[in-house]
Amino acid sequence: MRERGVKRIGSDALCHAPPMTLDLGCGQNKRPGAIGVDHNRDTAADVISNIDRGSLPFRDNSFDKVWVVHVIEHVENVVSTIEELHRLTRAGGVIVIETPHYTDFSSFCDPTHRWHLNTFSFRYFTADDAGYGYYTQCRLRQKRLQVKLLRLWKLLGFELAVNHSFAFRKFWEHYLCYVIRGKAMVFEFEVVKQAG
Ligand SMILES: C[S@@+](CC[C@H](N)C(=O)[O-])C[C@H]1O[C@@H](n2cnc3c(N)ncnc32)[C@H](O)[C@@H]1O
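So, here is what we can say about the structure in this document. (Residues numbered from 1 in each chain as written. Predicted model: local features only at pLDDT ≥ 70, side-chain atom pairs only at ≥ 80, totals over all residues.)

## As for unusual backbone geometry
No. 1: Of note, the phi angle at Asn61 is positive, near 60°, even though the residue is not glycine.
No. 2: Turning to its location among the elements, Asn61 is positioned in the loop between strand S5 (47-48) and strand S6 (63-69).
No. 3: Residue Asn61 is classed as partly exposed on the basis of its 16 C-beta neighbours within 10 Å.
No. 4: Look at Ala130: it is not a glycine, yet its phi comes out positive at around 55°.
No. 5: By the element assignment, Ala130 lies in the loop between helix H2 (105-109) and strand S8 (139-149). (Helix = DSSP H or I, 4+ residues; strand = E, 2+ residues; numbered from the N terminus. Buried ≥ 20, exposed ≤ 12 C-beta atoms within 10 Å, placed from the backbone.)

## Re the site of the ligand
No. 1: Lining the immediate environment of the ligand, one finds 16 residues, of which Gly25, Gly27, Asn29, Asn40 and Val69 sit closest.
No. 2: Residues of the shell around the ligand, tallied by class, amount to five nonpolar, nine polar and two charged. (Near = placed C-beta within 6 Å. Nonpolar A, V, L, I, M, F, W, Y, C, P; charged D, E, K, R; others polar.)

## A closer look at helix H1 (residues 78-88)
No. 1: If you check which residues of H1 are buried, you get Val78, Thr81, Ile82, Glu84, Leu85, His86 and Leu88.
No. 2: Here the buried face of H1 lies against strand S3 (21-24), S6, strand S7 (89-100) and strand S9 (182-192). (Contact = placed C-beta atoms within 7 Å.)

Right under this line is the structure:
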């Protein structure tokens, strides 16, 4: 079986193919080396396509990594968007999602934002689904979460506490976040696929 990402050239020489990266909703800041997709033509996109209209024009398991930076809050349906990105990403591949925390100024300021999310909003795709795993069949494993707070709260050490203690993050989400407001969240998920 051929190792993923390795191309056989001629009879025995091997060379590593670069990882395939997708930047969904790349806008004018497409990540270097990525294939950019956006529904707006006035962007750096390589492919003009709207994820709200169904499948993007790529085969299953085409990508090793997918960036979704300040985009998920704009789409029509969060669950079907994640399902489509899960289809496009190989098993073990990575989806990185950055989005505003719902208590940030930007979350409710931008009239094109449809969703206002918190640090637990993607739990329904993971093993920690609170009993609601039936929303979707698509499964992710959360590898990393970085919460960014406003500068003052960061300087006072709250950002460190939110990022280093699950219990404190939960307490912050339930009791503190309307005062100690969030800014953005960066989630890194590994794509889990059933064998066969
Ligand atoms: C706030 S901008 C972020 C741009 C870029 N990712 C960045 O980090 O600067 C959101 C981008 O998502 C794109 N977008 C929003 N909804 C989309 C959709 N349904 N399908 C494809 N692109 C979409 C917008 O056109 C816009 O370029």
